[in-house]
Amino acid sequence: MDDTCAVWNRLARYWDESIKEGNAFQRRLIMPTTDALLGDVAGRQVLDACCGNGNYARHLAGRGAVVTAFDGAAAFIDAARARTPAAAAVTYLTLDATDAIALAVLGEKAFDAAVCSMALMDLPTIAPLLAAVARALRPGGALVFSVCHPAFNSPRSTATAEMFNDAGRMRQRFGVTTGHYLTPYTDLSEGILHQPEPHPMFHRPISLLLRECFAAGFVVDGFEEPAFAFEKSAGPFSHAKRPEIPPALVIRAKIL
């Protein structure tokens, strides 16, 4: 993952300054859905994998969790530590999520729950992380992860906007088209518009994501597709113009 980590080290400052404690996508879709699937975290040991600038780790600590958070990009961890109050119950590690040997530091049955927020699609391989998290969770523990929706929000999907005649009335219609879903691929993408350089994104269909979870020993018992409410004033290519098309997928996978 060295090349991918190098890109994220270069992007970390721009992302940190752009999202701070969470952008609209995180605050309105990802965080509330993840919170609901996690349930009460007060007093629980929670692992935050691929934590970026630590905004969700701090959010979890604010809900009473004791958090261990890690990311493969040292620049993100530097930003996370700079933003985290000294008294917050968050410990940060620089750790490559694709390195099975390095991930052994997470231990066995050390955590009550784990999260991986909007990051699996940025990893060239996810099996090492899923296996390590499965080992690190106590029986009954859950991993809640979120990704860009593989069917509707991938590097090769296209947002569409049309004006059409409906019995003499001009109407607008907003949608998404895609011609590539089942076969995994790697492409370049922008998670934040106009970021300094694109980053690699690794498309996996939902079936492959679930197979990887099952192979690691997880049982999936939560599956959500959050979407934005319609906003008339939103731009034509905004997710808020497509309330029936979820841009994200949030899954809860448990160790029995």
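Scroll up to find the structure.
Just so we're clear, the structure is a prediction, and the values are computed from it rather than from any experiment.

1. Observations regarding helix α3 (residues 55–62)
For an α-helix, the turn length of 3.6 residues means that residues three or four places apart are oriented alike.
Then, in step 1: Burial of α3 is extensive: six of the eight residues sit out of reach of the surface.
Then, in step 2: All of the buried residues along α3 are Asn55, Tyr56, Ala57, Arg58, Leu60 and Ala61.
Then, in step 3: The first or second residue beyond α3 is glycine 64, which carries a positive phi of 100°.

2. Focus on the packing of helix α2 (residues 24–38) against α3
Then, in step 1: Packing of α2 against α3 brings their axes to within 12 Å, and their N-to-C directions diverge by 50°. With respect to their mutual orientation, α2 and α3 come out oblique. Crossing of α2 against α3: the hand is right-handed. Across the interface between the two elements, Gln26, Met31, Thr34, Asp35 and Leu38 of α2 pack against Asn55, Tyr56, His59 and Leu60 of α3.
Then, in step 2: Of the residues assigned to the contact of α2 with α3, the class counts are four nonpolar, four polar and one charged.

3. Let's talk about the sheet that holds strand β11 (residues 248–254)
Then, in step 1: The strand order β3-β2-β1-β4-β5-β11-β10 describes an open sheet built from seven strands, whose pairing is mixed. The outermost strands of the open sheet, each flanked by one partner alone, are β3 (90–94) and β10 (219–224). Sheet twist, expressed as the average angle between the axes of neighbouring strands with direction ignored, equals 20°.
Then, in step 2: As paired elements, strand β5 (residues 137–148) and β11 share seven bridges and run antiparallel to each other. Looking at the pairing, alanine 142 lines up with lysine 254 of β11.
Then, in step 3: Along the sheet, helix α5 (residues 127–136) contacts β1 (45–49), β2 (66–71), β4 (111–117) and β5; its crossing angle with β5, the most-contacted strand, is approximately 150°.

Conventions and cut-offs
- Residues numbered from 1 in each chain as written.
- Predicted model: local features only at pLDDT ≥ 70, side-chain atom pairs only at ≥ 80, totals over all residues.
- Heavy atoms only, no water.
- Buried < 20%, exposed > 50% of the residue type's maximum accessible area, 1.4 Å probe, protein only.
- Helix = DSSP H or I, 4+ residues; strand = E, 2+ residues; numbered from the N terminus.
- Axes fitted to C-alpha atoms, helices over the stretch in contact; angles between N-to-C directions.
- Parallel < 35°, antiparallel > 145°, perpendicular 65-115°, else oblique.
- Left-handed = near helix turned anticlockwise from the far one by under 90°.
- Contact = heavy atoms within 4.5 Å.
- Nonpolar A, V, L, I, M, F, W, Y, C, P; charged D, E, K, R; others polar.
- Pairing = 2+ DSSP bridges.

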